[in-house]
Amino acid sequence: MKGKIILFSAFLIMTTAAVSAQAKNAPRSIISTTALIRKYHDQKELSGMQKGELLELYIERIKVLVKTLPYIALVTKPGVTMADLGIPDDNEHKKVLDAQAVGTSTFLDTTVEFQRKMMPYSDKGNLIAAILFYENTLKSLHEFNELNEM
């Protein structure tokens, strides 16, 4: 009985180690897979929302823009990896991508903290206009893709 427990434990540890090693070596997306907008809105719809809801939409759109715009010369959609673009998937390029991800995360943490403390004082109309502007900017990425494919 003791032998079976030891054998099962060893098997479990080796399986866990193998899965963990594969996750570390998995190709990472250049644009975060969280850089997506679930729904676009119109002015009438936004006007019917509370300021707290608008603030969350505003922050969500800022996050998507920050995670997308710096990379549009390479890629405009989440899920594309360095290998997909022909960029060598070596340690040097992985370190650069990791450093960029850390920098982006740090910037967003600071920005979101600022937004949550300062934007509640903004005018509701200005929040709505900003959300619509950000959404139009994100929609224009689709046009960018079409221009790029010509």
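These numbers were taken from a predicted model, which means no experiment stands behind them.

A few points about the overall build of the protein chain
A tally of regular secondary structure across the protein chain gives six helices and zero strands. Moving toward the C terminus, one meets the helices and strands of the protein chain in the order α-α-α-α-α-α. Pairs at least 24 apart in sequence give 85% of the contacts found in the protein chain among residues at least 6 apart. As displayed, the protein chain offers around 10400 Å² of accessible surface, 62% of which is attributable to carbon and sulfur atoms.

Section: the packing of helix H3 (residues 51-68) against helix H5 (residues 91-118)
Two numbers describe how H3 lies on H5: the axes approach to 11 Å, and their chain directions differ by 160 degrees. Accordingly, the angle class assigned to the pair H3 and H5 is roughly antiparallel. As H3 packs across H5, the resulting crossing turns out to be right-handed. Every residue of H5 that contacts H3 at Leu 55, Glu 56, Tyr 58, Ile 59, Ile 62, Lys 63, Val 66 and Lys 67 is listed here: Thr 104, Phe 107, Leu 108, Thr 111, Val 112, Gln 115 and Arg 116. Looking at the contact of H3 with H5, its residues break down into eight nonpolar, three polar and four charged.

Topic: the pattern of salt bridges
Summed over the entire model, instances satisfying the criterion amount to seven salt bridges. Linking Arg 28 and Asp 98 is a salt bridge whose minimum nitrogen-to-oxygen distance equals 2.0 Å. You can see Arg 28 sitting in the loop between helix H1 (2-25) and helix H2 (43-47) and its partner Asp 98 sitting in helix H5, a full 70 residues away along the chain. Residue Arg 28 is classed as partly exposed on the basis of its relative accessible area of 37%.

Digging into the packing of aromatic side chains
Taken as a whole and judged by the stated rule, the model has two aromatic pairs. Summarising the aromatic geometry, the rings of Phe 133 and Tyr 134 are spaced 6.1 Å apart at their centres and angled 55 degrees between planes, so their arrangement reads as tilted. Three or more aromatic residues joined by ring pairs form one cluster here, namely Tyr 58, Phe 133 and Tyr 134.

Quick word on the environment of Glu 53
As for its placement among the helices and strands, Glu 53 is situated in helix H3. Of note is the side chain of Glu 53, whose polar atom sits 2.9 Å from the backbone nitrogen of Gln 50.

As for the confidence of the model for the protein chain
The share of residues in the protein chain with pLDDT of 70 or more is 81%, and the mean pLDDT across the chain is 85. Ranking the elements of the protein chain by mean pLDDT puts H1 last, at 59, and H2 first, at 96.

Structural notes on the environment of Leu 65
Mapped onto the elements, Leu 65 comes out in helix H3. The exposure class assigned to Leu 65 is buried, which follows from its relative accessible area of 10%. In the structure, Leu 65 is positioned 69 residues away from Tyr 134 in sequence and 7.8 Å away in space, judged by C-alpha atoms. Filtering out sequence-adjacent residues up to four positions away, Leu 65 remains in contact with Pro 70, Tyr 134, Thr 137 and Leu 138.

Calculation notes
- Residues numbered from 1 in each chain as written.
- Predicted model: local features only at pLDDT ≥ 70, side-chain atom pairs only at ≥ 80, totals over all residues.
- Heavy atoms only, no water.
- Helix = DSSP H or I, 4+ residues; strand = E, 2+ residues; numbered from the N terminus.
- Contact = heavy atoms within 4.5 Å.
- Areas by Shrake-Rupley, 256 points an atom, 1.4 Å probe, with all protein chains shown as cover.
- Axes fitted to C-alpha atoms, helices over the stretch in contact; angles between N-to-C directions.
- Parallel < 35°, antiparallel > 145°, perpendicular 65-115°, else oblique.
- Left-handed = near helix turned anticlockwise from the far one by under 90°.
- Nonpolar A, V, L, I, M, F, W, Y, C, P; charged D, E, K, R; others polar.
- Salt bridge = Lys/Arg side-chain N within 4 Å of Asp/Glu carboxyl O.
- Buried < 20%, exposed > 50% of the residue type's maximum accessible area, 1.4 Å probe, protein only.
- Phe/Tyr/Trp six-rings, centres within 6.5 Å; stacked < 30°, edge-to-face > 60°.
- Polar contact = N/O pair within 3.5 Å; in protein donor to acceptor, adjacent residues only side chain to side chain.
- pLDDT = per-residue confidence, 0-100.

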